Each structure stands twice: as C-alpha cells, then as structure tokens.
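Chain residues, written in single-letter form:
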Amino acid sequence: MSNIVCSHVDKSYGSINVISDFNLDVADREFIVFLGPSGCGKSTLLRMIAGLEEISGGTVSIGGTAVNDLEPRDRGVAMVFQNYALYPHMTIYDNIAFGLKRMKVPKEQIDARIKAVSATLGLEPYLARKPTELSGGQQQRVAIARAMIKTPKVFLFDEPLSNLDAKLRHHMRVEIARLHQKLQTTTIYVTHDQLEAMTLADRIVLMKGGAIEQVGSPAEIYEKPRTLFVAGFIGTPNMNFIDATVNRAEDGWLLRTDGADLRIRGHGFALTHGKEVVLGIRPPDLVPADGGEGNVLTGVADLIEFHGNDALVTFKFGGKEIGALVKASGCPAAGDRVAFRFDETRLHIFDKGDGLTLRC
C-alpha cells in the first residue's frame, strides 16, 4: 500500500504560518493534483511530503508509516522538478543511472532497468547524448525516467511542464497520463495550470492561502464549486459574476440586478428574502436569445475574441463585463446589440458575504 495521509499538517517560517491544519487522505494508486495560484502553499506541501522541508506540526504518513523524521531517500518517493535538475556533463544513461549507482546496485540490474525505463519513455536513441543535445520535452522525460527507475512508492511532480511551450505541454500531459495508467503509482502533481489539473487528476485539491478550498473530481469542482474563489479559478473562459438582491415572488424568487430583474424558481438553493448574493454563469451557458420566455442578459458587444470554432463575445450588463462563448460562424460584430439567455439549472448562486455557495 502507498497511500498518503496528511494529518493536521502545519508549516511556519518563524512567525509566518504558510500551511495551517492541512488534512488529506490520498488513496493507493490515486493521481492527486495540488492546484492553486502562486503562493498558496502547494509546492511547500509537496516538499514536506518529499522530506525537503521540515514539518512544523502534524504528521505525514506514507503506506501507514509516519515519515516526519525520515530522510528523503528513506521515504520511498521520487520527485520530478520544474527545472529537470539533470547533470550537464553526464550522458542521459548516466543521468538516469545516477541514483542506482549511489545505491550500489549491480551494473547488470542497472542496464536492465534503464533498458525497460527508456523503452517506456522512448529514450533509447538518446542514451549516449548529453542533456544539452535534447529538447525540453526530452529532458523532462529523462527526469521522469530517473524517478521511475527507483521504482518508488510515490511519484511527486513539482510543476514539471511549466518550462515547455504549449504543444510540448500537451504532449507531455498525454505521456504522464499514460504513464500513470501503466504504472499505477500513487502520484501527487503540483501545478497552477487548471488545464493540467482537469485533464490529469483523479481528484483536485484546490488551495488558497495555505488551506484547502475544495477537494473533488474535476467534474465536481467544475459543476459544483463551493466558493466564489473556486468558481472564478476553474473554467476557461472565466465564470461571469453578477451582484444581485434576492426578493420573494409568487412563483419563486426575483433576483434584482443593475441590469434587469431575473426570475427563478430557486429549487436547490437556500435563498432568503433580502439576501445579497453573487450570481455565477459560465460563458458556454449563455446562448443567443431568439425570442420566447426566460432570463435574458442584453448589451452591446464591445469585444470579440476568436477562439477557432468558438468566439468569446464580451458585453456590458449592469456595469459588469459579461462573456458569452458562441459558435464563431454565428458570431455578432463589435457594436451589435446582443441578447443571451441562460438556463436556471446552469446558474450558480453564492452568498456575497462569505462567498459560499447557496446550493443545497
């Protein structure tokens, strides 16, 4: 078993507390992604699990064994860094073999393991080369191979793709996903890129200010964000937010905004008369209004962003900038008056005071 348990973990630098009462259970073979903005504590947590940072309080366990006082080499983890950390004077073969040579593994075993690992990652043609002769993506594969060859209980990835261009990032995401499917090693992956998190994770741990905002599958976090922060962080283009006041109506609820009064039934939301709320609507959930009943947001298109098959139409509604994602073939022009409808089932409502969802 290679499950990881973080129990009441704290991290402080002097009087500055950066991680506070962090609790998380990572199941054996699970792929967990720590996601959040810079400075939220995700890399610090990873380094504490790896043993590269001391734990100020609480316990980290791997496979049922507390590892707080164990050296990194004794924890059964392998870490892949953002900067590859390859030795430039060594061949790719020697870079991959370095850890095993220090452990005094017999040469025959090293050769066999390098052959297997390099075949898995497509590195056979490059074993005699130096790191400077490889592309960024190839160097990152070498760093992964060096971690794999130790046959660790746990893989730790610290923003491994941030130095690569967009095309290589996509390619390496696919490779990492396939590698996990094949090896089934418990993995924690740190990133600030929501696309990496959404495409790789079994579960996402979304962090803010050294604490967990929400834990869930990519679908759960996208469809049911628990806070305004989660709703605004997840999703591209960003979710639209509109301030509103809740009023009781005969057939449900009236949401008064600066742009218009919106009527909803309110099923599934804990609403009260007079409450100040924030409405959340994702750009793909706004569809062109072509008559009929329903809630409509209107305005004048002032910016059109071409996204290929789609286009993002930005317009003002009640003093707020609203984005609607539409098919590029039917996109309005800048200066056109636009009207977009949304389905109540796709609406998110948050308490304006504490930012928590009002979904029941």
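The structure presented is a predicted model; accordingly, all values stated were derived computationally and were not measured.

Participant: Before we move on, can you summarise the pattern of salt bridges with the specific residues and values?
Facilitator: Counted under the stated rule, the structure contains 14 salt bridges. In this structure, Arg256 and Asp261 form a salt bridge, with 2.7 Å as the shortest nitrogen-oxygen distance. A relative accessible area of 41% places Arg256 in the partly exposed class. Its salt-bridge partner being Glu344, residue Arg265 comes within 4.0 Å of it at the nearest N-O pair. Pair noted here: Arg265 is in the loop between strand 13 (261–264) and strand 14 (276–281) and Glu344 is in the loop between strand 19 (337–342) and strand 20 (348–351), with a separation of 79 residues, a long-range link. Each of Lys11, Arg47 and Glu53 takes part in salt bridges that share partners, so that together they form one network.

Participant: If you had to explain the pairing of strand 13 to someone new, which residues and values would you point to?
Facilitator: The side chains of a regular strand alternate, first on one face of the sheet and then on the other. What you see with strand 13 is a clean split: Leu262 and Ile264 sit on the buried side and Asp261 and Arg263 on the side with no burial. Bridge count for strand 12 (residues 252–256) against strand 13 is four bridges, and the pairing is antiparallel. Note that in strand 13 the partner of Leu255 across the bridge is Leu262. Once strand 12 ends, the chain turns through four residues before running back antiparallel as strand 13.

Participant: Lay out the nonpolar core in plain terms, naming residues and giving numbers.
Facilitator: Core analysis: the biggest nonpolar cluster contains 44 residues, and Leu35, Ile96, Leu121, Ile144, Ile176 and Tyr189 have the highest contact counts within it. With six residues, the single largest contributor to this core is helix 4 (residues 136–148). Contacts of Ile176, omitting those with residues within four sequence positions, involve Phe31, Ile144, Phe157, Leu161, Tyr189 and Leu200.

Participant: For the sheet that holds strand 10 (residues 211–216), give the residues involved together with the corresponding values.
Facilitator: What the six strands build is an open sheet, ordered 6-7-8-3-9-10; its pairing is mixed. At either end of the open sheet lies a strand with only one pairing partner, and these are strand 6 (77–80) and strand 10. If you compare each strand with its neighbour and ignore which way they point, the axes differ by 20 degrees on average. By the bridge criterion, four bridges tie strand 6 to strand 7 (residues 154–158) in an arrangement that is parallel. Across the sheet, the residue bridging to Val77 is Val154, located in strand 7.

Participant: Any chance you could break down the sheet that holds strand 13 for me, citing the residues and the numbers?
Facilitator: Taken in spatial order, the five strands line up as 13-12-11-14-20 in an open sheet, and their pairing is antiparallel. The sheet is open, and its two edges are formed by strand 13 and strand 20, each paired on a single side. Going from strand to strand, the sheet's axes swing by 40 degrees on average, the running direction of each strand aside. Strand direction decides the pairing type here: strand 11 (residues 240–249) and strand 14, joined by six bridges, are antiparallel. Residue pairing across strands places Ile242 opposite Leu279, the latter belonging to strand 14.

Calculation rules
Residues numbered from 1 in each chain as written. Predicted model: local features only at pLDDT ≥ 70, side-chain atom pairs only at ≥ 80, totals over all residues. Heavy atoms only, no water. Salt bridge = Lys/Arg side-chain N within 4 Å of Asp/Glu carboxyl O. Buried < 20%, exposed > 50% of the residue type's maximum accessible area, 1.4 Å probe, protein only. Helix = DSSP H or I, 4+ residues; strand = E, 2+ residues; numbered from the N terminus. Pairing = 2+ DSSP bridges. Core = buried A, V, L, I, M, F, W, Y, C linked by side-chain atoms within 4.5 Å. Contact = heavy atoms within 4.5 Å. Axes fitted to C-alpha atoms, helices over the stretch in contact; angles between N-to-C directions.

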